[in-house]
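# Structural features, examined
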Amino acid sequence: MRRHPHILNAATNLLAICFVIVGSLKLTNNNANSYADELAWGAAFLLLVSIVASYAAIRNEDAPPWQHRIADWSFLGGIGVLVASMIVLAVQL
């Protein structure tokens, strides 16, 4: 499946956005006022799982289907949690 390099690139970029959210809330001392940073950490974890699974699937040409499913579903979960983090950030701040 040739879609996993695209998942790897997109997940890496979204992981950077998670770190920007966490870092900006920490620098402005607003991390205690909202749950946006906890949600961003959750999204970062899911995106990191997606990155590792995508990389493993790229390195192994005969990757088992579960590696592809983990990469897909953790990527989609990470996007969902990241969107929730941004909504919480917009509403509470």
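Data block above holds the structure.
This section reports on the structure supplied with the text.

Cut-offs and rules
Residues numbered from 1 in each chain as written. Predicted model: local features only at pLDDT ≥ 70, side-chain atom pairs only at ≥ 80, totals over all residues. Heavy atoms only, no water. Helix = DSSP H or I, 4+ residues; strand = E, 2+ residues; numbered from the N terminus. Expected span 1.5 Å × (residues − 1). Buried < 20%, exposed > 50% of the residue type's maximum accessible area, 1.4 Å probe, protein only. Phe/Tyr/Trp six-rings, centres within 6.5 Å; stacked < 30°, edge-to-face > 60°. Polar contact = N/O pair within 3.5 Å; in protein donor to acceptor, adjacent residues only side chain to side chain. Contact = heavy atoms within 4.5 Å.

Let's shift gears to helix α2 (residues 36–59). For α2, with 24 residues, the first-to-last C-alpha span of 34 Å sits near the 34 Å given by 1.5 Å per residue. Within α2, the full set of buried residues consists of A36, D37, A40, A43, A44, L47, S50, I51, A53, S54 and A57.

This part takes up unusual backbone geometry. Of note in the backbone geometry, N29 takes a positive phi value of approximately 60° without being a glycine. In this fold, N29 is placed in the loop between α1 (4–27) and α2.

Another aspect to go through is helix α3 (residues 65–92). In this model, α3 (28 residues) spans 40 Å end to end at C-alpha, consistent with the 40 Å of a helix rising 1.5 Å per residue. For α3, the complete set of buried residues consists of Q67, H68, A71, D72, S74, F75, G78, L82 and S85.

Take the packing of aromatic side chains next. This structure, assessed with the given rule, holds one aromatic pair. On the numbers, 5.9 Å between centres and 65° between planes, the contact of F19 with W41 is edge-to-face. Here F19, found in helix α1, pairs with W41, found in helix α2; they are 22 residues apart in sequence, far enough to count as distant. Of the residues examined, W41 reaches a relative accessible area of 46% and is grouped as partly exposed.

It is worth spelling out the side chain of S74 at this point. With respect to the helices and strands, the residue S74 is situated in helix α3. The exposure class assigned to S74 is buried, which follows from its relative accessible area of 7%. Among the polar contacts made by the side chain of S74, one reaches the main-chain amide nitrogen of S50 at a distance of 3.3 Å. Those residues in contact with S74, other than ones at most four positions away along the chain, are L46, V49 and S50.

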